[in-house]
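Listed below are the residues making up each chain.
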Amino acid sequence: MPTGGALEVIKGDRAALTARVKEYLNDREEGLKKAHLALTPGIEITRSHTLGVDDILKSLFMSLSGDSTAGDKAALVALGGYGRGELNIRSDIDLMLLYKSRITPGIERLTQDMLYILWDAGLDVGFSIRSPGECIALAREDSKTMTSLLDMRYLLGNNALFAGLEEKVRGSLFTGRALKNFIEEKVEERKARHEKYGGSVYILEPNVKEGEGGLRDIHTAQWVVRAKQEGRFEPLRDGLLSGDEKKAMDDAAGFLHWVRNDLHFASRRKKDQLTFDHQERMAGLMGFRDSDSSLAVESFMQNYYRFASAVKNITSLILSRCLRKKDGAFTFIRKIAAIDGDFVIKGGLLAAAADGVFAKDPASIMRAFEYSQSYEVGMEQRTRDLILANLNLIDDPFRISPAVGESFRNILKGGNVYDTLSEMHQLKVLERYIPEFSAITCRVQHDMYHVYTVDAHSLFAIREIERLKDAYKGEFTVLATLFEEVKDRHVFMLGVLLHDIGKAMGKGHAEKGAAVVPAVCRRIGFSEDETNLAAFLVKNHLILADTAQYRDMHDERLVIEFAKKVGDAERLTLLYLLTFADVRAVGPEVWTQWKGELFRELFFKALTVLDRGAYEVEDAGAKISRTKDAVKALLKGEVEAMAIDDYFGLLPHRYYLANGPEAIAGHIKIVRGLGQNPCVTRVGQVPDRDYTEVVVVTHDMHGLFSMITGVMAANSVNILGAQINTLNNGIALDVLQVKNALGELLTDELKLGKIKKDIEDVVCGKVRVSTLVEKVRPSLLDKKALPSVPTWIEIDNEVSDVFTVVDIHTRDRIGLLYRITSTLARMGLYIGVAKISTRGNEAADIFYIKDIFGQKVYDTELIKKIEKALYDSISAD
């Protein structure tokens, strides 16, 4: 790998100097790239690049200054990442020319000549010219300048001038109230930066420099330490890190610098966001390969999150330890209250009474978290350090200890479970106590749906459940009431914590996760019934969401089968709560009122079946008769009873069972309003379910629903679901649940008017729907690099008694629904129900279909042709 000292003093004019600098930079970058691709730690590459730039500046200075006295009157100083000696490829080079008392013509000419050559050579150089007094004055007014002076490094020129500035910085800037304000500002900046860049280490496309657990966290810790004590940042010397922690920090910094260098090499510019396309490329460069349990890119990102998590945690430790040190010694606050012989509360924090507490009784490690939770106090940093130093005590005897199990069960039963488990996770106690949890720690799923790593998601699910006790009580009243009534809360909380424990084992994670739960429960001390309940929750944590989103809940037999699988009302309640927590913990935009209402509807329908105690379909005739009477009452004086009787003979029973009296009454009025019109389109808002309902009534024609989906795609309208009905008199009644492109109610009158006109024009043959769809232009977001989504299609004849169900999972894109529905129409298939779901950039579209004779599709050859036609249509990009 290239080192410093390779560039001679250059002679010649500016053009010759520029050409030589360019040549030198290209040669060095080529060598650095080879070392980089050989997986040399990134910090070594940055240091080597720093030395190369040092050589250029020193050679230019010597070449351009000649016999002038500029070097005696000024000093060239490196700032920022360059000052720290950590210059990433293609990063900015921050320089300052420090002058004594005034800027001489020689200094000005030398500065201009150097800068023009550096700029012409393609380097991004930030430059300032200041005297020591100006530096101090500006630093007092500007925090960025104050921070930059902590990173400054002497390059060449008047060393005494530079040393004088260092002394002034230390003596007049970082003392007293100014020091306190600076540290407080850096800590607040860190919090704000974390929020700005996603609020978590575990986001899909992290910012390697500014994000949580990124390089800036290391810089912040260094700045605070340097501001508080003289000299460079030496964590071992300063007693801020153990040897193992120092190594973990160095390894993480080396990895993050490698990633950032690679982003800059590949982009040929500054780029700090680790986007999906770069993630996949880096996974290959680092030698990761796809396996049965994970993709190569997922393994690479798990590595990234482990290192970023280490940076976040260790820099937090540095800040905490640094801020409680005074004159090299730890400061202790007067004891407030003793809990037992091992722990006290002082200064509002839990503290170990002596350093040997955990060695004497390892079970006290878990008891520390139990006390912190029950007394509602944080843990003092010294006690946290003692836990970290005694992690080796969490072994097999510890894991099966009844005392430890009792403390952990108490934690699961208590308040602030999320905070307590998160603290255990940060201090590595959780994964030591439940080794199965370590397999999902920092584990990522390479898609647009799962925003967080599996371990973070599992803990966030606990947080979502706990919010039902206060923050969510008004918004989710039913769920909050159900949670209050949960008896075995510790069992439920463990089920929530472990619901995705099988994600490290590949496909079928629910079943695989359930298989490991009994061993965990036995170690913790759960009874057999408690163990069975926890395993049930893990095994079945997906079924409520999948049934509600991807199946026709108006099919009573399907609801009965779901209720039968659940077994009893208690388990149904826990599954409903777990589904709520699971979906909300996936990401901030994943939960919607639409989904919430689907889950709620299935919960109450299944609860009715369980309360009834009979797994049999109710008499449809009696229910329909009651519905008809209610419709007549609603339409009394508007529609004659005979017409309503006639309407109730025009559609299959499932229509009358799926729709309430108010909806049916509205449909009757719309159908009667068709008359001689080519079509009628009615729009209504359903705010409690957060969607807009569009009802289209027209004379039935082949491929009508496909035409409607094309119009919706052409107008950037998202379809959530649809019920497609054809009356015996040849009238089509299609009911769609839709939202606009931003996921909001469709209320724009101009847009609604255009949709109605487009539907009428398509129905009347005035315009081809394909022409409308072709006019739609993809947005910039559609062109963004995203994770690949495999297409799979499944055709099932067991789900429904009267329909063949087609499940399609593929990459979401403009016009996808139109492609699918037009393909089904071309094959002579009739769509009865459509359920549309989008997860990130993945679409899950489910269609309940019949053949041209109104029967299920049983012919195996036809099923194969349907699958091939759908694959061909979806893949035709």
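Here the structure is shown first, and the text comes after it.
Keep in mind the model is a prediction, meaning the values are calculated, not measured.

Visitor: Account for the overall build of the protein, with residues named and values stated.
Guide: Along the protein, the regular secondary structure elements total 39 helices and 18 strands. With the C-alpha coordinates aligned to their principal axes, the bounding extent of the protein is approximately 110 × 75 × 50 Å. For the protein, with 877 residues in total, the buried portion stands at 56%. Long-range pairs, those at least 24 residues apart, make up 72% of the contacts in the protein with a sequence separation of at least 6.

Visitor: Which residues make up the sheet that holds strand β1 (residues 74-79), and what are the values?
Guide: As summarised here, the arrangement of the four strands in space is β3-β2-β1-β4, forming an open sheet in which the pairing is mixed. Two strands lie at the open edges of the sheet, namely β3 (125-130) and β4 (153-157), each paired on one side alone. With direction set aside, neighbouring strand axes in the sheet form an average angle of 25°. Inspection of the sheet shows strand β2 (residues 93-99) paired to β3 by six bridges, in the parallel sense.

Visitor: Run through the nonpolar core, naming residues and quoting values.
Guide: Among the nonpolar cores identified, the biggest contains 168 residues, and Ile-387, Phe-408, Leu-421, Leu-468 and Phe-492 are the most heavily contacted of them. Here this core takes 13 residues from helix α13 (residues 296-323), the largest share from any one element. The residues touching Ile-387, leaving out its near neighbours within four places in the chain, are Phe-358, Ile-365, Ala-368, Phe-369, Met-379, Leu-427 and Val-429. Of all hydrophobic cores here, the second largest spans 47 residues; its members include Ile-719, Val-762, Ile-793 and Leu-829.

Visitor: Explain the packing of helix α23 (residues 477-484) against helix α29 (residues 569-584) to me, using residue names and the numbers behind them.
Guide: Running from N to C, α23 and α29 cross one another at 125°; their axes reach a closest spacing of 10 Å. Here α29 runs oblique to α23, going by the angle between their axes. For the pair α23 and α29, the sense of crossing is left-handed. Seen from α23, the contacting residues are Leu-479, Leu-482 and Phe-483; seen from α29, they are Thr-573, Tyr-576, Leu-577 and Phe-580. Taken together, the residues that form the contact of α23 with α29 break down as six nonpolar, one polar and no charged.

Visitor: Got a sec to walk through the sheet that holds strand β17 (residues 830-839)? Specific residues and values, please.
Guide: The strand order across the open sheet built from eight strands is β11-β12-β14-β13-β17-β18-β16-β15, with neighbouring strands paired in antiparallel fashion. Bordering the open sheet on either side are β11 (679-686) and β15 (792-796), each of which pairs with just one other strand. Put simply, the sheet's adjacent strands are angled 15° from each other on average, direction ignored. Summarising the sheet, β17 and strand β18 (residues 842-850) pair through nine bridges and their orientation is antiparallel. Considered in β18, the bridge of Ala-834 is made with Phe-847. Packed onto the sheet, helix α38 (residues 816-826) meets β13 (717-726), β16 (804-811), β17 and β18 and runs at close to 25° relative to β18.

Visitor: Describe in detail the packing of helix α24 (residues 489-498) against helix α26 (residues 528-539), supporting the description with residues and values.
Guide: One can describe the packing of α24 onto α26 by two numbers: an axis separation of 9 Å at closest approach and a directional angle of 35°. α24 and α26 meet at a crossing whose hand is right-handed. For the pair α24 and α26, the contacting residues are His-490, Val-491, Phe-492, Gly-495 and Leu-498 in the first and Glu-530, Leu-533, Ala-534, Leu-537 and Val-538 in the second. Each residue belonging to the contact of α24 with α26 can be placed in one class, and the counts come to seven nonpolar, two polar and one charged.

Visitor: Mind laying out helix α12 (residues 276-285), listing which residues take part and the relevant values?
Guide: Among the residues of α12, Phe-276, His-278, Gln-279, Met-282 and Ala-283 are the ones counted as buried. Angular distribution of buried residues about the axis of α12 spans 155°; they occupy a single face of the element. Where α12 is buried, its residues contact α11 (243-267) and α13. Among the residues trailing α12, Gly-287 stands out with phi positive, at a value near 90°.

Visitor: Can you tell me about the pairing of β1, naming the residues and giving the values?
Guide: For β1, the buried fraction is high: six of the six residues fall into the buried class. With six bridges joining them, β1 and β2 adopt antiparallel strand pairing. In the strand pairing of β2, Val-77 is matched with Met-96. Two elements, β1 and β4, share four bridges in a ladder whose sense is antiparallel. Along β4, the bridge assignment pairs Ala-78 with Arg-153.

Visitor: Please give an account of empty space enclosed by the protein that cites residues and values.
Guide: The full count for this structure, using the stated rule, is three cavities of 30 Å³ or more. Considered as a void within the structure, the largest cavity measures approximately 60 Å³ in volume. Contributing to the lining of the largest cavity are Phe-61, Leu-76, Leu-95, Leu-97, Leu-110, Thr-111, Met-114, Leu-115, Leu-118 and Phe-127. Every element with two or more residues in the lining of the largest cavity is listed here: β2 and α5 (105-120). With five residues, α5 is the single largest residue contributor to the lining of the largest cavity. Classifying every residue of the lining of the largest cavity gives nine nonpolar, one polar and no charged.

What counts, and where the lines are drawn
- Residues numbered from 1 in each chain as written.
- Predicted model: local features only at pLDDT ≥ 70, side-chain atom pairs only at ≥ 80, totals over all residues.
- Heavy atoms only, no water.
- Helix = DSSP H or I, 4+ residues; strand = E, 2+ residues; numbered from the N terminus.
- Buried < 20%, exposed > 50% of the residue type's maximum accessible area, 1.4 Å probe, protein only.
- Contact = heavy atoms within 4.5 Å.
- Pairing = 2+ DSSP bridges.
- Axes fitted to C-alpha atoms, helices over the stretch in contact; angles between N-to-C directions.
- Core = buried A, V, L, I, M, F, W, Y, C linked by side-chain atoms within 4.5 Å.
- Parallel < 35°, antiparallel > 145°, perpendicular 65-115°, else oblique.
- Left-handed = near helix turned anticlockwise from the far one by under 90°.
- Nonpolar A, V, L, I, M, F, W, Y, C, P; charged D, E, K, R; others polar.
- Arc of directions from axis to C-beta.
- 1 Å grid on protein atoms, 1.4 Å probe; cavity = no way out; pocket = protein on both sides within 12 Å on 5 of 7 lines; lining within 4 Å.
- Points joined across faces, edges and corners; volume = space filled by probe spheres on them.

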